[in-house]
Amino acid sequence: MFEWISYHRSGIAAVVILGLVITLLWSIYHGVKTARIREKEQVFGDPERTTGGWYWAVCGVATILLLWFYYSWGMARAYFPKAANELCQIAKVHESLSPIVAQLPIGSRYFKSTDLVVRNNEQLDDIEASFPVDAFSAQEEKQIRGIITQTRSLIAVYSNPDSIEAATVSSLSMIVNDINGLTDRIKSGSAGLTPTEAALAQSPWGVTPEEIPMLPMTPRGVMFDGIAQDVTKISKEFLTLRNMPDAANQLIKNTRADIKLVKDNLENTSAGDDVIDIRQSYMKSVERVFKRLDDGMIFPANTLDDVNTSVAVMIDEINAAKGGLGIIDALFMPGAGVVKTRTICIEQGSSRWLPKPTDVIATFSTLANPNIEEGGGFKGTRLLWFKWLPISDVVGFFVPDSLVDILPGSYGKHDDVGRFVPTYKDHMLAFAKGEVYMGSIPMLDGHIWDSLFRVLVAMSFGIMLGVPLGIYMGVSRFFKSFFDPMIELYRPVPPLAWAPLILTIFGIQDDGKIFLLFMVAFAIMVISARTGASGTQLSKIRASHSLGASNRQILRHVILPNALPEILTGVRIAIGVCWGTLVAAEMLAGTTGVGFIENVARTVSDYELIWVTILIMGLLGLMFDLMMRKLISILIPWRGKG
Amino acid sequence: MSDLVCNDLCMTFTAPGNGAVVEALKNINFTLKKGELLSVLGPSGCGKTTLLNMVAGFLNPSSGDLQLGGNTITGPGVERGMVFQQGALFEWLTVSKNVDFGLRMKNMPAADRKKLVDKWLDIVGLAGFGDTPTYQLSGGMQQRVALARCLVNDPDLILMDEPLGALDALTREKMQSLILELWKETGKTIIIITHSVEEALLLGQRLFVMAPRPGRIHKEYRLDFAAEGLKQSLRDIKQKDDFAKVREEILTMIWDMEEEIMGGV
C-alpha cells in the first residue's frame, strides 16, 4: 500500500493540485460574494468586520500549498512526469557541447581567442612599461625587449589566417560537417527510435533518491541521448586541435632560447641581492606570458566562424525540437531548469532546497514508521511510539538506596559454611535498586517524546518552584527585594547563551537540557505569578480580612486564584520559549530529539528532512498553544469580564 | 452592649515628598448605639473613608481610640463586616461560594453553610442564583451578593463604603429600600458613607456632615426619614418639604466647604 502510494506520488499530487485550484477559485468566489453583502452592513474599522471568514482561511491555505507545489516543481512533476527525463537528455547535449561553446561567442560574446589576444597584449604592454632600467644592463635591456617583441609577433602569427596549416583547416571543416550532420538528425526527428527496456524499467521522477532517471525514456529523449554521445566525440576532437604553423614553431623555439640566455645570466651582476630579486621576478613575468602563448590555442577569427554558425544553428534546432518542453521548463520549473552535472541530472532552482509536498510526506512516513528494522525512525530511535518500561526501573530511579540504609536491622553476612543468607533488608535494597521485576507499563518513546518530555519536566519544575516564589514576591517586601536582583540578573541573558556552560556542567543528556529549560520557565513563571499576585485589588484583600480569613487563607483562596490568569499566560509564554530554546539546545548537543534530527539533516543537506522537522516543530508548538488556550478558557472563564 | 465608641480619634499622614503632615481626622468623638443607622457625608478629602477604614481596622489611629462593645479595635475582624463600592467579589467563585466565603474560612460544616447561604440569598433577592458565576451578574446584583456575603457572618457592625455609588438611579433606589429593610429586619448597626445628599438623608437615622482640613464632624443631624422609609415609598419622602429643606441646607453647607477649599488653593 505504502509502496504503491510512494510510486504513484506524482499522480496523487496531480489530483491534489487540481483539488487545491478548485478550492482556491471557489473560496475566492464565495469570499467576494459574501464581502459584497457584508459591505453594506459594516463600517470600516469596526472590529466585527474581522469575525468569521473561514473561506478566506481556506483560500490562504490553498494559496500557500499551491505556491509550495509550484516552487518545489511539484506541479511540473505532477502533470509532466516525463519532462525532467527528456530535459535531462537535452542537458546531456548541452554538457557535451560546452567545451566547443566555451571557445565561441555563443557562450560569452567574444571568441576565446579574442579574449586571449586582448589579455596577453595588455599584459605585455604593462610589462614593457614597467621595465626596471636600473636592474639590467643596456645589452640585457635590448635582449629582453627583443623577447617581448617576439612574443607579440607570436600572437600576430597565430591570428594570421594565411599562416594557419591546411590540416587544421580541414579538421575544423570536418567538425563543422559533423555538427551539421547532427543538426540534420535533430531536424529529422525521433521517428523509429525506441527507449531501451532498461530505461523503461527506471523508477519515475522523484521516487528514488536519484531524483531524475538518467536513461532516455521517450523517443525524443533517445534521439537527444544519441546526439549527446556523438557531440562528446566531436568535442574531444575539437579539444585536440592546435593552431601551430611553422612560423609559430620557429618563433617559439627562438624565444625560448633567448629567455634561457637571459635567465642564465640573471645572477651575474655586481649588484646586491635585492637587485637580483628584481631581475628574477621581472623575467618570471615575461616568461609567464610567453608560456601562456606557446600552446597554440589562439585561432584566426574567421577560421572559427563556421564552427560558431553551425553550433548556433544546432542549438536553435535543439530548442525547436524541445517544443512544448521549453514552455514547461520556463513556466513550471522556476530556476535554471534541469542541469546535468558529471554523473547525474539535477533540478537547478528553488526545488533544490524546497522539497515537493509529496516527498515531504513520504519522508515523514518513513520517519514515523515505528519499525526500525524496516528503516523507520531516525538513527535508531523512533519518531513517536511507545515502549514497555519495567516498573522496577521507575522504582530504582525514584527510591534512593540510602533509604534502605536507615531501616532498622542489618544487611546479611555470609555464614560459616560460606553461604549468603539475605535478610529482609537485602530484599528491600534489591527493590530500591530496581532489581525486582514488577511488570512493565507502556511508556511513550521516540524523538518527539524526548523533546516533549524535556519541556514538560522543565515546565513542571518551573511552575512548582516559580509560582510560589512569585506569589510570595508579590506580597512580601523581603521576598521581593531579596530575589528580585537574582532573577532580573539571569533572566535577560538569552537562554542559548547559557547553553554551552550548562551543557558542560550537566552533560549533553536530558538533565542539562532540562535544567536549561527550567531556568527559562522558572524566570517567566516567577514574573507572571508575581505580577498576578501584586495585581490583586486591595478591596478584595480587605474584604477577605473582614470576612475572617487568615493570612494563609488569603494567599490560598484570594491571591492565588486572582493571579491565575497571569500564571496561565505565563505558562503559555514559557512553553513557547522553552520549545524554541529546546530545539536549539538539541542542535548543540545530544542524540535524540526533533532538534537533533534537524541538526543531522543540516550536516548532510537533506532538505526534505529539514522541512519535515520544521513542520513537526511548528505543529507541536501550535498544539501546545491550542491546548493552553483551551485550558485558559476552561480554568479562568472570568478573564476579561471582571 | 456592642456600641461603637470613638474617643478623640486623630489620624495624621505624612505626605510623601515634602514631608508635610496632613491631618486626615482630628478629635473625632461620637458614640453609635447598637442598631443605629449612621450615614456620613462630606466633600472629598474630609476623611470619611479614612474613618471607615479605621473602624474596619485597616488603619490604626495616630491617637485616640475606637471601641466596639468595649473592645479596642486593632485590626480587621469578623464582627465588623464591610461592603465596598465595586462589591470586591471573588470573580472566580460562584454566588454561593462568595457568600459562604467567611463561613468556609471558619470551617463551618457544609450543611450549615448551605442553610445560611440559602437564607441570605433569599433575603437579598437572589434566590436561585447560587450557582451563577459572579462575573455574569449586573452591578446591582453584585452588590446584593456583597451584602449577603457580609451579613451571613452575622457581624455586629456593617460598614458600607459608597455601596451604591456605581449603580444607576433605579437600581439605586431599590437597593436603598433593601438596606433599610435589612436594617429593620436584623437590627444591625450600620455606617454608610455616601456622596449623595439624598441617600444620606434617606438612609441616615443619624447623619454626620464632615468638613476637611482637618477632617472633623462639622454637623450632626438626627432624622426620621429612615424610619419613614420603612413605611412609605422613598420617592414620596423625597417630595416632602422638610426633606427638601434639610437637603438644601446640607447642600449649601457642602458647597461652602468646597468653595473654601478652592479659595484656599
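Remember, it's a predicted structure, so these values are computed and weren't measured experimentally.

Chemist: Which residues make up the overall build of chain A, and what values do they have?
Modeler: Across its full length, chain A holds 27 helices and four strands. The globule rule puts the C-alpha radius of gyration for 642 residues at 26 Å, and the 39 Å found for chain A is more than 25% above it. Seen along its three principal axes, the alpha-carbon backbone of chain A occupies a region of about 120 × 80 × 80 Å. By residue count, 30% of the 642 residues in chain A fall in the buried class. Restricting to contacts in chain A with at least 6 residues of sequence separation, those with at least 24 account for 78%.

Chemist: Describe the sheet that holds strand 10 (residues 216-222) of chain B, naming the residues involved and giving the relevant values.
Modeler: Neighbouring strands of a sheet are bound in pairs by backbone hydrogen bonds; such pairs are parallel or else antiparallel. All names here are of chain B. Across the sheet, six strands lie side by side as 6-7-8-3-9-10; this open sheet has mixed pairing. At either end of the open sheet lies a strand with only one pairing partner, and these are strand 6 (80-83) and strand 10. Recorded for the sheet is a direction-independent mean angle of 20 degrees between the axes of neighbouring strands. Inspection of the sheet shows strand 9 (residues 206-211) paired to strand 10 by six bridges, in the antiparallel sense. Note that in strand 10 the partner of Met-210 across the bridge is Ile-217.

Chemist: Give a detailed account of the domain arrangement of chain A, specifying residues and quantitative values.
Modeler: Considered domain by domain, chain A is made up of domain 1 (2-71), domain 2 (86-351), domain 3 (385-443) and domain 4 (446-635). Measuring from the centre of the C-alpha atoms in domain 1 of chain A to the corresponding centre in domain 3 of chain A gives 61 Å.

Chemist: How would you explain the environment of Leu-147 of chain B if you had to name every residue and give the values?
Modeler: Turning to its location among the elements, Leu-147 of chain B is positioned in helix 5 (residues 139-151). For the pair Leu-147 of chain B and Ser-196 of chain B, spaced 49 residues apart in sequence, the C-alpha separation works out to 20 Å.

Chemist: Please give an account of the environment of Met-525 of chain A that cites residues and values.
Modeler: All names here are of chain A. Assignment of secondary structure puts Met-525 in helix 23 (residues 510-534). Separated by 356 residues in sequence, Met-525 and Val-169 place their C-alpha atoms 85 Å apart. Once residues lying within four places of it in the same chain are set aside, the contact partners of Met-525 are Gly-462, Ile-463, Gly-466, Val-467, Gly-470, Gly-570 and Ala-574.

Chemist: With reference to specific residues and values, describe the packing of helix 24 (residues 538-546) of chain A against helix 25 (residues 551-588) of chain A.
Modeler: Residue and element names in this part refer to chain A. Across the interface, helix 24 lies against helix 25 with an axial gap of 11 Å and an inter-helix angle of 160 degrees. For the element pair helix 24 / helix 25, the angle class is roughly antiparallel. The two elements helix 24 and helix 25 meet at a crossing, and its hand is right-handed. Only Ile-554, Val-558 and Asn-562 of helix 25 make contact with helix 24, whose side of the interface consists of Lys-540, Ile-541 and Ser-544. Residue composition of the contact of helix 24 with helix 25, grouped by class: three nonpolar, two polar and one charged.

Chemist: Please set out unusual backbone geometry residue by residue, giving values where relevant.
Modeler: Of note, the bond from Arg-213 of chain B into Pro-214 of chain B is cis; its omega dihedral lies within 30 degrees of zero at -15 degrees. Along the chain, Pro-214 of chain B falls in the loop between strand 9 and strand 10. Of note in the backbone geometry, Ser-605 of chain A takes a positive phi value of approximately 55 degrees without being a glycine. Relative to the helices and strands, Ser-605 of chain A is located in the loop between helix 26 (594-603) and helix 27 (607-635). The backbone of Asn-107 of chain B shows a phi angle near 60 degrees, a positive value even though the residue is not glycine. The residue Asn-107 of chain B is located in the loop between helix 3 (101-105) and helix 4 (110-123) in this model.

Chemist: I'd like to hear about the sheet that holds strand 4 (residues 63-68) of chain B, residue by residue, with values.
Modeler: Residues and elements named next belong to chain B. Strand order in the open sheet formed by four strands is 2-1-4-5, with antiparallel pairing between adjacent strands. Where the open sheet ends on each side, the last strands, each with one partner, are strand 2 (21-32) and strand 5 (71-72). Bridge analysis of strand 4 against strand 5 gives two bridges, and the strand direction is antiparallel. Across the sheet, residue Gln-67 finds its bridge partner in strand 5, namely Thr-72. Contacts from helix 1 (residues 48-56) reach strand 1 (4-14), strand 2 and strand 4, with the element oriented near 60 degrees to strand 2.

Chemist: So, the interface of chain A and chain B: which residues are in play, and what are the values?
Modeler: Facing 17 residues of chain A, the contacting portion of chain B comprises 21 residues. The element best represented in the side of chain A that touches chain B is helix 24 of chain A, accounting for six residues. Class assignment of the residues belonging to the side of chain A that touches chain B gives a composition of seven nonpolar, seven polar and three charged.

Chemist: Please give an account of the confidence of the model for chain B that cites residues and values.
Modeler: Residues and elements named next belong to chain B. Considering every residue of chain B, the mean pLDDT works out to 84; 98% of them sit at 70 or more. Within chain B, no element has a lower average pLDDT than helix 8 (residues 225-229), which sits at 78, and none a higher one than strand 8 (residues 189-193), at 90. Predicted complex, confidence summary: ipTM 0.90, pTM 0.77.

Chemist: Go over the pairing of strand 2 of chain B, please, and point to the residues and values.
Modeler: Residues and elements named next belong to chain B. As paired elements, strand 1 and strand 2 share eight bridges and run antiparallel to each other. Along strand 2, the bridge assignment pairs Val-5 with Thr-31. Hairpin connection, strand 1 to strand 2: the antiparallel pair is bridged by six residues, and Gly-17 has positive phi, about 100 degrees.

Chemist: Outline helix 26 of chain A, listing residues and values.
Modeler: Residue and element names in this part refer to chain A. Listed as buried for helix 26 are Val-594, Gly-595, Phe-596, Ile-597, Glu-598 and Ala-601. Looking at the buried side of helix 26, the elements it contacts are helix 20 (447-475), helix 25 and helix 27. Positive backbone phi, approximately 55 degrees, marks Ser-605, located one or two places after helix 26.

Chemist: Give me the lowdown on the pairing of strand 7 (residues 157-161) of chain B, citing residues and values where you can.
Modeler: Residue and element names in this part refer to chain B. Most of strand 7 sits inside the fold, with five of its five residues counted as buried. Neither face of strand 7 is exposed, since Leu-157, Leu-159 and Asp-161 on one face and Ile-158 and Met-160 on the opposite face are all buried. Judged from the five bridges that link them, strand 7 and strand 8 form a sheet pairing that is parallel. Bridging across to strand 8, Leu-157 finds its partner in Thr-189. With respect to chirality, the unit in which strand 7 leads through helix 6 (residues 169-186) into the neighbouring parallel strand 8 is right-handed.

Chemist: Could you give an account of the packing of helix 20 of chain A against helix 25 of chain A, with specific residues and numbers?
Modeler: Residue and element names in this part refer to chain A. Direction vectors running N to C along helix 20 and helix 25 enclose 145 degrees, while the axes themselves pass 8 Å from each other. Handedness of the helix 20/helix 25 crossing: right-handed. Every residue of helix 25 that contacts helix 20 at Ser-451, Arg-454, Val-455, Ala-458, Met-459, Gly-462, Ile-463, Val-467, Ile-471 and Val-475 is listed here: Leu-555, Ile-559, Leu-560, Ala-563, Ile-567, Val-571, Ala-574, Ile-575, Cys-578, Trp-579, Leu-582 and Glu-586.

Chemist: Which residues make up the environment of Gln-85 of chain B, and what are the values?
Modeler: All names here are of chain B. One can find Gln-85 in the loop between strand 6 and helix 2 (95-99). Separated by 20 residues in the primary sequence, Gln-85 and Met-105 place their C-alpha atoms 23 Å from one another. When residues no more than four places from it in sequence are discounted, the contact partners of Gln-85 are Asp-161, Glu-162, Pro-163, Gly-165 and Ala-166.

Conventions adopted
Residues numbered from 1 in each chain as written. Chains lettered and ligands numbered in written order. Predicted model: local features only at pLDDT ≥ 70, side-chain atom pairs only at ≥ 80, totals over all residues. Helix = DSSP H or I, 4+ residues; strand = E, 2+ residues; numbered from the N terminus. Rg over C-alpha atoms; globule rule 2.2 N^0.38 Å. Buried ≥ 20, exposed ≤ 12 C-beta atoms within 10 Å, placed from the backbone. Contact = placed C-beta atoms within 7 Å. Pairing = 2+ DSSP bridges. Axes fitted to C-alpha atoms, helices over the stretch in contact; angles between N-to-C directions. Domains from an automatic or database assignment. Parallel < 35°, antiparallel > 145°, perpendicular 65-115°, else oblique. Left-handed = near helix turned anticlockwise from the far one by under 90°. Nonpolar A, V, L, I, M, F, W, Y, C, P; charged D, E, K, R; others polar. pLDDT = per-residue confidence, 0-100. Right-handed = clockwise from strand over helix to strand, strands pointing away.

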